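Tertiary structure, described
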Amino acid sequence: MKRFIVMAFLMAITGSLMAATASDSTATIDFDFSIPDVSIITVTGGNIDVKMPVPVPGEDFVDVTAYSAYEVYHNSATAKKITAELGSAITDTWATGVDCLLRTDAPSEGTEVGFVSIAGGTEVDIVTALGACSDTDLQLEFRFEVAAGTATGTYTDILTLTLT
């Protein structure tokens, strides 16, 4: 009888150990993974340094074109746009008869607006309907137009590109 009780006791312990082992073979942990909304735009090309060419007598205006580049990364499902604004240092003193136009290559998921005047000192759209993208070496094309008879001057300012 003693032997039977010891055997029953050992079987009960073995059964409870097996139950504990079976329930300990699986474990869980909470796992959180987040990707933040990231929108980056940078100018990668050189500074614009333009000297107007000598005008041709009889022409209405003189123009010159200059180039730079930019890159953009945008991962949100919300469409954005890129705007450009020339600082007030030029626009407050810019000679009458001078216009600065800007055209950009659109990123792979965006729409190019075409040439827009940035000489007014106000923010203008240069790319619209910008979806998620990651693009580099996108061209910025500047066209400067000076009407005949415009006074001379030297102007320095900053162009700001904004991803909104």
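In what follows, the accompanying structure is described.

Reading the values: rules and limits
Residues numbered from 1 in each chain as written. Predicted model: local features only at pLDDT ≥ 70, side-chain atom pairs only at ≥ 80, totals over all residues. Heavy atoms only, no water. Helix = DSSP H or I, 4+ residues; strand = E, 2+ residues; numbered from the N terminus. Buried < 20%, exposed > 50% of the residue type's maximum accessible area, 1.4 Å probe, protein only. Contact = heavy atoms within 4.5 Å. Areas by Shrake-Rupley, 256 points an atom, 1.4 Å probe, with all protein chains shown as cover. Patch = residues over 30% accessible without salt bridge, like charges linked within 9 Å, V, L, I, M, F, W, Y side chains within 5 Å. Salt bridge = Lys/Arg side-chain N within 4 Å of Asp/Glu carboxyl O. Phe/Tyr/Trp six-rings, centres within 6.5 Å; stacked < 30°, edge-to-face > 60°. Lys, Arg positive; Asp, Glu negative; His and termini not counted. Core = buried A, V, L, I, M, F, W, Y, C linked by side-chain atoms within 4.5 Å. Pairing = 2+ DSSP bridges.

Moving on, we get to the overall build of the chain. Within the chain, the secondary structure is distributed over 2 helices and 9 strands. Across the 164 residues that make up the chain, the buried fraction comes to 29%. Within the chain, contacts between residues at least 6 apart in sequence are counted, and of these 76% link residues at least 24 apart. Surface summary for the chain: the accessible area is close to 11000 Å², and the carbon and sulfur share equals 57%.

Together, Phe31, Phe33 and Ile35 give the surface a local cluster of nonpolar side chains, amounting to about 450 Å² of exposed area. On the secondary structure map, Phe33 appears in the loop between α1 (2-23) and β1 (39-43).

Our next topic: the packing of aromatic side chains. Taken as a whole and assessed by the stated rule, the structure comprises 1 aromatic pair. On the numbers, 6.4 Å between centres and 15 degrees between planes, the contact of Phe142 with Phe144 is stacked. Residue classification places Phe142 among the buried residues on the basis of a relative accessible area of 6%.

This part takes up the side chain of Lys80. In this structure, Lys80 sits in strand β3 (residues 80-86). One buried charged residue, Lys80, remains without a salt bridge, the closest side chain of opposite sign being Asp37 at 4.4 Å.

On to the pattern of salt bridges, then. Inspection of every chain in the model, using the stated rule, returns 6 salt bridges. Between Glu112 and Arg103 there is a salt bridge; the shortest N-O distance is 3.2 Å. Overlapping salt bridges, with partners in common, bring together Arg103, Asp105, Glu112 and Glu141 in one network.

A separate point is unusual backbone geometry. The phi angle at Ala129 is positive, at roughly 50 degrees, despite the residue not being glycine. For Ala129, the location among the structural elements is in strand β7 (residues 124-130). In this structure, Asp137 is a non-glycine residue whose phi angle is positive, near 55 degrees. Following the sequence through the fold, Asp137 ends up in strand β8 (residues 133-147).

Before going further, it helps to examine the nonpolar core. One recurring pattern in soluble globular proteins is that nonpolar side chains are buried together. Tyr70, Val72, Ile82, Leu102, Ile118, Ile126 and Phe142 are the most contacted members of the largest nonpolar core, which totals 22 residues. Looking at this core, the elements with two or more residues in it are β2 (61-74), β3, β4 (98-104), β7, β8 and β9 (159-163). Looking at this core, the element that brings in the most residues is β8, giving 5 residues. Leaving out residues up to four positions away in the same chain, Phe142 has contacts with Ile48, Val64, Thr65, Ala66, Ser68, Cys100, Leu101, Leu102, Ile118 and Leu159.

Once that is clear, we can look at the sheet that holds β3. Adjacent strands of a sheet form backbone hydrogen bonds with each other and so pair up, either parallel or antiparallel. Spatial strand order, β5-β7-β3-β9: 4 strands in an open sheet with antiparallel pairing. Single-partner strands in this sheet number two, and they are β5 (111-112) and β9. Two strands pair when backbone bridges link them, and β3 and β7 are joined in this way by 4 bridges, in the antiparallel orientation. Its bridge partner lying in β7, Ala84 is registered against Val124.

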